[in-house]
Each structure stands twice: as C-alpha cells, then as structure tokens.
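Results of the structural survey
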Amino acid sequence: MSLARFTSKLAGQRVLLVGGTGGVGISVAQALIEFGASVILSSSRETKVNQVITSLTNDYPDARDRVSGHSCDLASPNVEENIENLFKKVGEVDHIVYMAGDRLPTVPLEEITLKGWQKCNQVRTIAAILVVKVGTKYMKKDRNSSIVLTGGSISEKPIAGGWSMLALIGAGINGLARQLAFDLAPIRVNTVAPGVIATDLWQGMGDEVREAFFKDLEEKNPTGQVGQAEDLAEAYLYCLRDANATGIVVNSNSGTFLV
Ligand SMILES: NC(=O)c1ccc[n+]([C@@H]2O[C@H](COP(=O)([O-])OP(=O)(O)OC[C@H]3O[C@@H](n4cnc5c(N)ncnc54)[C@H](OP(=O)(O)O)[C@@H]3O)[C@@H](O)[C@H]2O)c1
C-alpha cells in the first residue's frame with residue numbers, strides 16, 4: 001500500500017467556510033473535498049448556499065455526505081445571535097476559514113462617512129471577531145485546529161482608487177490574526193492575503209472598467225496573469241495543513257509586491 005502522509009492530512013476534518021459561497025470559497029471547498037475533508041458552507045443567502053452545495057455534489061458525487069451548509073447573515077444587527085445559531089447547527093469543527101466580504105467599499109477619502117465606515121467593518125472585521133469568539137467554543141484546543149482569516153495585499157501595497165478603508169481593514173486583520181494566535185494557542189490562527197483574484201467580487205466595477213483593470217495588472221505583475229481562485233485555494237490549504245504555522249500572513253498576489 002502506498003503512503004499518504006501528506007495527502008491524507010485533512011481527511012475526515014470538518015472545515016467551516018464562512019463566506020464560502022463566493023469565487024474563492026468554492027475553490028477552497030473543491031480542494032478540501034478532494035483532500036477528504038468535510039465542508040460546511042455559510043453565507044447570508046440560503047438559496048446561494050443550497051445552489052453551491054448542489055453544484056459541489058454534482059461535481060463530487062462521492063462526497064455527497066461531506067458537503068453541507070447553513071445561511072448566516074453577518075451584516076445583520078443580530079449578528080452575534082446569528083453566529084451562535086450557526087454554530088449550534090454546525091457543531092464541532094477542526095478549522096474555520098473566514099472569507100466573508102460584501103460589496104467592495106472603494107470610495108475616495110472625501111466621501112467616507114461614519115455610517116459607510118461602520119458598514120464597511122461589519123462583515124469584514126466585526127463579524128470576524130465574533131465568529132472567532134463563538135467558534136472557538138466548538139474547537140479542540142490543539143495545534144491541529146486552526147482559524148484562517150482573509151486580509152488582502154492592499155495592507156502592504158497601496159493602489160489608486162479609494163482603498164483607504166480596505167487598507168486599514170487588511171492591516172488590522174493581519175494584526176488580529178497575530179494576536180489571536182497568541183491568545184488562542186495552541187489553536188493556530190493565520191491570515192491569507194490575496195492580491196487581485198478574478199472572482200465575482202469585481203463584478204460591481206462593470207465589464208469595461210474591470211477588463212481594463214485586469215489588463216493593466218497583467219502587464220505590470222511578474223506572473224503576467226491575474227490570480228485565479230484555484231491558485232489562492234492553495235494558500236488556505238497551506239494554513240490548514242502546516243501544524244507548525246501560526247500568526248503568519250500567506251501572500252498570493254501575482255508578485256505585486258515586486259513592482
Ligand atoms: N477576489 C479578490 O480579488 C480578493 C482580494 C483580496 C481579498 N479578497 C477577500 O476574499 C474574500 C473572498 O473573496 P471572493 O472573491 O470569493 O468574494 P465573493 O465572490 O464576493 O464572495 C464573498 C462571500 O462572502 C459572502 N457574504 C457577503 N456578505 C455576507 C454577509 N452579510 N453575511 C455572510 N456572508 C456574506 C458571500 O455570500 P452572500 O453574498 O450569499 O452572503 C460570499 O460567500 C472576501 O472577503 C474578499 O474581500 C478578495
């Protein structure tokens with residue numbers, strides 16, 4: 001019999017993907033299924049959760065009993081109650097991957113308002129901390145348990161176009177993961193910081209502007225291509241699989257820091 005020391009690392013583990021029905025989440029879910037893990041998807045819309053479950057089970061019919069999901073609206077004023085209810089349904093997990101993010105709030109500094117800034121934080125930072133707070137009650141205190149947060153290359157690499165709120169959030173997520181890695185040890189906590197990845201997140205830009213934006217990145221960035229969700233999935237897998245990694249930021253960004 002051949003050895004499977006590496007490919008079996010995630011087999012049988014339960015991984016909750018918060019914001020797991022978007023482009024990145026679906027790729028991470030596919031990878032986890034291929035590595036034998038059980039995937040629990042969550043996002044604000046039940047129809048979308050069910051749609052993604054159906055699509056994943058069509059692609060991986062043998063994994064039907066390893067894919068499930070529940071809606072949980074993180075933008076609601078009742079966010080903490082929603083999260084408590086989510087974990088009551090989900091039960092024990094080995095890993096939590098937090099990748100929920102609503103429409104990109106790119107606005108020039110002069111248009112930032114208190115309300116807009118609070119709204120921008122609700123899903124990306126406020127709910128993230130609450131998911132960790134509630135979720136750790138459902139995790140073993142073990143270095144094989146982990147939490148992965150999602151930041152962005154904007155925390156290190158400024159770009160034009162109204163990114164100040166997101167730069168602060170991205171930098172804050174890196175700091176939060178470091179602090180939580182310390183506070184929650186031996187549970188590991190890491191951040192994945194994506195550069196631009198071609199998913200629906202960029203849909204709000206409109207086709208023409210998005211195509212020009214991607215083309216410009218392809219000309220500038222060392223890899224010559226905008227990142228794909230299946231590329232980025234590797235960064236999340238790494239954080240889950242390396243039981244020696246905690247308090248770090250894993251970058252996957254087409255080499256944008258070099259230019
Ligand atoms: N794609 C990139 O270039 C890029 C770069 C840097 C960082 N990121 C970050 O990486 C994460 C994943 O990105 P993506 O490209 O996969 O984005 P996406 O396709 O827009 O997916 C976002 C996910 O968040 C969920 N979500 C949105 N509002 C929510 C709410 N109120 N409550 C619960 N879930 C909510 C969405 O589902 P519902 O809408 O159904 O709720 C979806 O599952 C995001 O946090 C994004 O900001 C992405």
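Throughout what follows, the structure given in this document is the object of discussion. (Residues numbered from 1 in each chain as written. Predicted model: local features only at pLDDT ≥ 70, side-chain atom pairs only at ≥ 80, totals over all residues. Heavy atoms only, no water.)

Quick word on the packing of aromatic side chains
Where we set the bar: Each Phe, Tyr or Trp ring, with Trp reduced to its six-membered ring, pairs with another whose centre is within 6.5 Å; inter-plane angles below 30 degrees give stacked pairs, above 60 give edge-to-face pairs, and intermediate values give tilted ones. Only when the NZ atom of a Lys or the CZ atom of an Arg is both within 6 Å of the ring centre and within 35 degrees of the ring normal do we say a charge sits over the ring.
Scanning all chains against the criterion turns up four aromatic pairs. Feature note: the residues Trp-163, Trp-202, Phe-213 and Phe-214 constitute an aromatic cluster, connected by ring pairs. Above the face of the Phe-35 ring, Arg-241 is positioned so that its terminal group lies 4.7 Å from the ring centre.

Describing the site of the ligand
Our working definition: Think of it this way: one heavy atom of a residue within 4 Å of a molecule or strand is enough to make that residue near it. Two N or O atoms form a polar contact when they lie within 3.5 Å of each other; inside protein one atom must be a possible hydrogen donor and the other a possible acceptor, and for residues adjacent in sequence the pair counts only when both atoms belong to side chains. Note on areas: these come from Shrake-Rupley sampling with a 1.4 Å probe, and a residue is covered only by the protein chains present in the view. A run of H or I in DSSP counts as a helix once it spans at least four residues, and a run of E counts as a strand once it spans at least two, with each numbered from the N terminus. Only Asp, Glu, Lys and Arg are considered charged in this grouping, and only Ala, Val, Leu, Ile, Met, Phe, Trp, Tyr, Cys and Pro are considered nonpolar; every other residue, Gly among them, is considered polar.
Surrounding the ligand, one finds 29 residues, the nearest of these being Thr-21, Ser-44, Ile-197, Thr-199 and Trp-202. Interatomic distance of 3.1 Å between a side-chain N/O atom of Ser-43 and an oxygen atom of the ligand. Within the backbone of Gly-101, a nitrogen or oxygen atom sits 3.2 Å from an oxygen atom of the ligand. Protein coverage of the free-state accessible area of the ligand, which is 880 Å², stands at 89%. If you list the elements that add at least two residues to the shell around the ligand, you get α1 (23-34) and α4 (114-135). Within the shell around the ligand, the residues separate by chemical class into twelve nonpolar, twelve polar and five charged.

Some words on the packing of α1 against helix α7 (residues 229-241)
Just so we agree on the cut-off: Under this scheme, a helix contributes an axis fitted over its contacting stretch, all axes are lines through C-alpha atoms, and angles between N-to-C directions fall in the 0 to 180 degree range. Working definition: roughly parallel below 35 degrees, roughly antiparallel above 145 degrees, roughly perpendicular at 65 to 115 degrees, and oblique for all remaining angles. Each helix crossing is assigned a hand: it is left-handed if the near helix lies turned anticlockwise from the far helix by less than a right angle, otherwise right-handed if that turn is clockwise. The contact criterion used is simple: two residues touch if any of their non-hydrogen atoms lie within 4.5 Å.
Look at α1 against α7: their axes get within 8 Å of each other, and the N-to-C directions meet at 60 degrees. In this view, α1 runs oblique relative to α7, as classed from their interaxial angle. Crossing geometry of α1 relative to α7 is assigned as right-handed. Contacts between α1 and α7 pair Gly-23, Val-24, Ser-27, Val-28, Ala-31 and Leu-32 from the former with Ala-229, Glu-230, Leu-232, Ala-233, Tyr-236, Leu-237 and Leu-240 from the latter. Tallied by class, the residues present in the contact of α1 with α7 amount to ten nonpolar, two polar and one charged.

Function cannot be read off these values alone, since they describe shape.
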